[in-house]
There are 2 protein chains.
Amino acid sequence: MPNALSATEAARKIREGKLTSVDLVKACLKRIEETDGQLHAWAYLNPELALAQAAELDQIRLNGRPLGSLHGVPVGLKDIIDTKEMPTEYGTAIYQGRQPDADAGIVERLREAGAVIMGKTATTEFAFVHPVATRNPHNVDHTPGGSSSGSAAAVAAFHVPLAIGTQTNGSVIRPASFCGTYGFKPTRGVIPRRGLLQTSNSLDQVGVFARTLEDAALLTDAIGFYDPSDAKSYARARPKAVEGCATEAPVDPNFVYLDMPYHDLMASDTIAGFDEIMELLGCQVERIDASPNLVDLIAVQHVIHEYEIIHHLDTVFTEHWDALSTSLQPVLERARKISEAQYQDALAVMQSAETFFQEFFHDYDAVLAPSAAGEAPKFSDGGTGNPIFSTIWTLAGLPCLTIPLMVSGNGLPVGVQLIGSAQEDDRLFRTANWMLKKLENA
Amino acid sequence: MPNALSATEAARKIREGKLTSVDLVKACLKRIEETDGQLHAWAYLNPELALAQAAELDQIRLNGRPLGSLHGVPVGLKDIIDTKEMPTEYGTAIYQGRQPDADAGIVERLREAGAVIMGKTATTEFAFVHPVATRNPHNVDHTPGGSSSGSAAAVAAFHVPLAIGTQTNGSVIRPASFCGTYGFKPTRGVIPRRGLLQTSNSLDQVGVFARTLEDAALLTDAIGFYDPSDAKSYARARPKAVEGCATEAPVDPNFVYLDMPYHDLMASDTIAGFDEIMELLGCQVERIDASPNLVDLIAVQHVIHEYEIIHHLDTVFTEHWDALSTSLQPVLERARKISEAQYQDALAVMQSAETFFQEFFHDYDAVLAPSAAGEAPKFSDGGTGNPIFSTIWTLAGLPCLTIPLMVSGNGLPVGVQLIGSAQEDDRLFRTANWMLKKLENA
């Protein structure tokens, strides 16, 4: 079925006239219809609108017009990304029926690339702690992770080959790990956030979900650009991820594994799987103890995230307090107590972490790290899993990639994470590609 | 000297470490210093600012960061394109010292591509009829054409390898023809106009100046994108001009030459040169009489252009009437008398012209046409030359390319124009490349 194709393959077939966008979108819609009653990956889906886009794109091809890199390929969008033809509700009843009057900047780029805007994927409330109804496609008794729950589930369930999410702490890497997809969060500033719910101007970062490494690169290249209306967006060329993916590493890359105190949280099967991968990579991996300074960064992330979400949204929270979940309320109450001085200190530490990692990657191509503590927790546990395996890297704004390499004792996927040097996302893709080949031939 | 390099060559040398952006910009600045006292191509130039950008770009390369397609290459901008670090004065004392607080959309793309924003090039008053002080680099007794006078002169004089202009009637093609550069105005809607002076929302179109065909394609690709804040910008993939330029034509292209009544204006040496080119292309060119309907389009352009400039700017004109040139005043007085009904009729005719040309290009790859009546008129004549050889094509929104192929009896350059099918700008570059090779080998 065409819905099982990678985005790269589907786009090629469409370009060559061997597949229509309408047939691809129909196959995706059929798959969604069959499975989303259980999975709840979608917050908004309008099959007629998706098919109308596909039909128009097929006609553009027949007319011999230029085709973009995603021509005819459906993409799911986390429901905190504004779309002018679909509501955007932020995972909360407070914004039920909210209809933006403009597309987010990244949606403009998707349209230019010829993507079909398939629909909006389920997100946790305000992209934060409270779970949404979405289930893990590998076992519906488990969570898909959060906050980009629907984007991860939709890609894993073959609803769409590509989806977009966001990560303020671990909201791309963790759900991708739990759902067995690739997940990639580029360097801070590569993908601009105009038209997205702002929960933390310092930390919010856009990321992508895909079923192949090349697809993750393809989507990243399509939506990365300079947009001065985003204060973190920078006015320079973006790393070329697809090119990085297709480039041979000039020498075997060096990896580093940092022993972190929070690795105590890892499940025994995940530790065993991870050790096996370390062994296969052999002398390419250096194992070192993390400095205490590094571990302190975790608290810093919380201060910035919580202080800023209050700063950005407290008017809404106050006005609609009773409509907030009982998971979010205590977090916000704690957040309101963070002082300006604590926050400024935290920002200064974040800055120094960025500087530290500039030097750090002179010696290594990538940090090799767990993507999560292990398999997805049970849905009935009431959470979306612990984001701590992403916290430091998100804070430092580094490119993070999770690769679905392991399987838990219960048959659930578990990812392996690679973290690269800032603004060298292309090099990270090159390194990942080398690693995949190395493990394949091991 | 590096200022004589094409942009494509300069960018490659910079990428390969064989040239620094600082050395390139220094060479350009030296050339400007030597010649601009006579030419007056620049409305604003700040050597320190240009060199600071170049130094930063050189550092980015040394740091191993990703490089854009124009990394380190200086570009001149017509002074109706907003720049946040330089004034933008629209060629009139009314806006002397006007400092925009944001870059135009195309300037954002130039920065992302790594270009050095060299400075602002001289434009006629409000990009309309009244000449500016700029002279033709081939002979300072002649006009460089208008309204993108400085952009054409700066590229022709080896001040910069690339510059951007705009065309509402013939303001890219004509100055490029007079100054002996390539000039390219893409399909309406390819390059968005956010942050540019609006003189006619229906007709204003951005174009580029370069000394090679490939360079014109390179700059076009860097600044073409979908921007919904421009009503004429469309949400689809842009034609890939560089790729078109590098593609072999699958079969020999067909050209058509339309005999237009205004061809009576052509100088005898230009007619002779043009006939020679027609002969060299031989059976690839079909010669047909233009239908009277086509010729009527010229009046339609004037109605739309003049009605809209009043609609957009009459408050300014009224407030500063005495500061307007005596060339502009009578045009505006005439323009104010155009009725809404006349304007609506003209828009309907423009629409039908667009439809007509969709069919027309099923039979032809390009229209072959003069770019101007002949060599640049004398500066002392007080005008910038007749734009009529561009009028119909600009109105229809078709991609137009002028190629510096002829020389007048006085040794001045004269261009040959190719006009292509809408949104097939890549095909037009392919056709142009074929024609250049054909004439080279003839």
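Residues numbered from 1 in each chain as written. Chains lettered and ligands numbered in written order. Predicted model: local features only at pLDDT ≥ 70, side-chain atom pairs only at ≥ 80, totals over all residues. Heavy atoms only, no water.

Participant: Please explain helix α1 (residues 7–15) of chain B as it appears in this structure.
Facilitator: At 3.6 residues per turn, the α-helix brings residues three or four places apart onto the same side. Residues and elements named next belong to chain B. If you check which residues of α1 are buried, you get Ala 7, Thr 8, Ala 10, Ala 11 and Ile 14. Across the axial projection of α1, the buried residues extend over an arc of 165°, all falling on one side. For α1, the secondary structure elements touched by its buried residues are α2 (21–39), α3 (47–62), β4 (162–167) and α7 (213–223). Where α1 ends, the next residue or the one after it, Gly 17, has phi of about 80°, a positive value. (Buried < 20%, exposed > 50% of the residue type's maximum accessible area, 1.4 Å probe, protein only. Helix = DSSP H or I, 4+ residues; strand = E, 2+ residues; numbered from the N terminus. Arc of directions from axis to C-beta. Contact = heavy atoms within 4.5 Å.)

Participant: Sorry, what's going on with the sheet that holds strand β3 (residues 116–121) of chain A here?
Facilitator: In a beta sheet, neighbouring strands are held together by backbone hydrogen bonds and run either parallel or antiparallel to one another. Residue and element names in this part refer to chain A. Pairing within the open sheet is mixed, and its 11 strands lie in the order β1-β3-β2-β4-β6-β5-β10-β11-β9-β7-β8. Looking along the sheet, the strands with just one partner apiece sit at the ends: β1 (42–45) and β8 (285–289). Across the sheet, the mean angle from the axis of one strand to that of its neighbour is 30°, orientation sign disregarded. Seen against the sheet, helix α14 (residues 425–440) touches β5 (182–185), β7 (255–259), β9 (366–370), β10 (400–407) and β11 (413–419) and runs at an angle of roughly 15° to β10. (Pairing = 2+ DSSP bridges. Axes fitted to C-alpha atoms, helices over the stretch in contact; angles between N-to-C directions.)

Participant: Any chance you could explain the confidence of the model for chain A here in plain terms?
Facilitator: Caution applies to low-pLDDT regions: their predicted coordinates should not be interpreted in detail. Summing up the model confidence of chain A, the mean pLDDT is 97 and the portion of residues at 70 or higher is 100%. Interface confidence in the predicted complex, given as ipTM, is 0.93; pTM for the same model is 0.96. (pLDDT = per-residue confidence, 0-100.)

Participant: In this structure, what is going on with the interface of chain B and chain A? I would like to understand it.
Facilitator: A common way to express how large an interface is: the accessible area buried when the components associate. Taken together, the contact between chain B and chain A spans 24 residues of the former and 24 residues of the latter. Of the roughly 2100 Å² buried between chain B and chain A on both sides combined, carbon and sulfur atoms contribute 50%. Interface area lost by chain B to chain A is led by Pro 66, Glu 112 and Tyr 226 of chain B, which between them contribute 27%. For the pair chain B and chain A, the interface holds 2 salt bridges. Residue Glu 424 of chain B pairs with Arg 65 of chain A through a salt bridge whose shortest N-O separation is 3.8 Å. Our count for the contact surface shared by chain B and chain A stands at 10 residue pairs in polar contact (both at pLDDT 80 or more). Of all the secondary structure elements, the ones that give two or more residues to the side of chain B that touches chain A are α3 and α4 (105–112) of chain B. Here the element with the most residues in the side of chain B that touches chain A is α4 of chain B; it accounts for 4 residues. Taken together, the residues that form the side of chain B that touches chain A break down as 10 nonpolar, 3 polar and 11 charged. (Buried area = accessible area lost by both parts, 1.4 Å probe. Salt bridge = Lys/Arg side-chain N within 4 Å of Asp/Glu carboxyl O. Polar contact = N/O pair within 3.5 Å; in protein donor to acceptor, adjacent residues only side chain to side chain. Nonpolar A, V, L, I, M, F, W, Y, C, P; charged D, E, K, R; others polar.)

Participant: Got a minute to help me understand the relation of the copies chain B and chain A in this structure?
Facilitator: Put simply, the second copy of the chain is the first one after a rotation about an axis and a shift along it. Superposition record for chain B on chain A: RMSD 0.0 Å, screw rotation 180°, translation along axis 0.0 Å. When the rotation and shift are considered jointly, the pair of chain copies conforms to a two-fold rotation axis. Here 100% of the interface residues in chain B have copies in chain A that are interface residues too; the copies meet face to matching face. (Least-squares fit on C-alpha atoms with pLDDT ≥ 70 in both.)

Participant: What is the right way to read the pairing of β4 of chain B from this model?
Facilitator: For a regular strand, side chains alternate in direction, first toward one face of the sheet and then toward the other. Residues and elements named next belong to chain B. Burial within β4 is extensive, with 6 of its 6 residues counted as buried. Of the two faces of β4, both are covered, the one formed by Leu 162, Ile 164 and Thr 166 as well as the one formed by Ala 163, Gly 165 and Gln 167. Looking at chain direction, strand β2 (residues 74–78) and β4 are connected through 3 bridges and run parallel. Bridging across to β4, Val 75 finds its partner in Leu 162. As paired strands, β4 and strand β6 (residues 205–210) are joined by 6 bridges and run antiparallel to one another. Among the inter-strand pairings, Leu 162 is bridged to a residue of β6, identified as Ala 210.

Participant: Mind showing me how you'd approach the pairing of strand β2 (residues 74–78) of chain A here?
Facilitator: Residue and element names in this part refer to chain A. Judged by how many residues are buried, β2 sits mostly within the fold: 5 of 5 residues are covered. The side-chain alternation of β2 yields two buried faces, one formed by Pro 74, Gly 76 and Lys 78 and the other by Val 75 and Leu 77. Here β2 runs beside β3; their pairing, made up of 5 bridges, is parallel. Bridged to Gly 76 within β3 is Gly 119. One crossover worth recording links β2 to the parallel β3 by way of helix α4 (residues 105–112), and it is right-handed. (Right-handed = clockwise from strand over helix to strand, strands pointing away.)

Participant: Whenever I open this one, the domain arrangement of chain A confuses me. Can you help?
Facilitator: Residue and element names in this part refer to chain A. Per the domain assignment, the segments making up chain A are domain 1 (2–244) and domain 2 (255–440). Between the C-alpha centres of domain 1 and domain 2 the distance comes to 21 Å. Counting from both sides, the interface comprises 58 residues of domain 1 and, opposite them, 67 residues of domain 2. Both sides of the domain 1 and domain 2 interface together cover about 5100 Å² of buried area, and 64% of this is carbon and sulfur. When the buried surface of domain 1 facing domain 2 is broken down by residue, Phe 128, Asn 169 and Leu 213 rank first, second and third, together holding 13% of it. As a salt-bridge pair, Arg 188 and Glu 354 come within 3.0 Å of each other at their nearest N and O atoms. Counting every contact that joins domain 1 to domain 2 gives 29 residue pairs in polar contact (both at pLDDT 80 or more). Breaking the side of domain 1 that touches domain 2 down by element, the ones donating at least two residues are α6 (173–179), β5, α7 (213–223) and α8 (241–245). Counting residues per element, the side of domain 1 that touches domain 2 draws most heavily on α6, at 6 residues. Residue composition of the side of domain 1 that touches domain 2, grouped by class: 24 nonpolar, 26 polar and 8 charged. (Domains from an automatic or database assignment.)

Participant: Is there a simple way to explain the side chain of Gln 167 of chain B in this structure?
Facilitator: Residue and element names in this part refer to chain B. You can see Gln 167 is positioned in strand β4. Accessibility expressed as a relative area gives 0% for Gln 167, which makes it buried. A distance of 3.4 Å separates a polar atom in the side chain of Gln 167 from the backbone oxygen of Asn 169. Within polar-contact distance, the side chain of Gln 167 engages the backbone nitrogen of Ile 173 at 2.9 Å.

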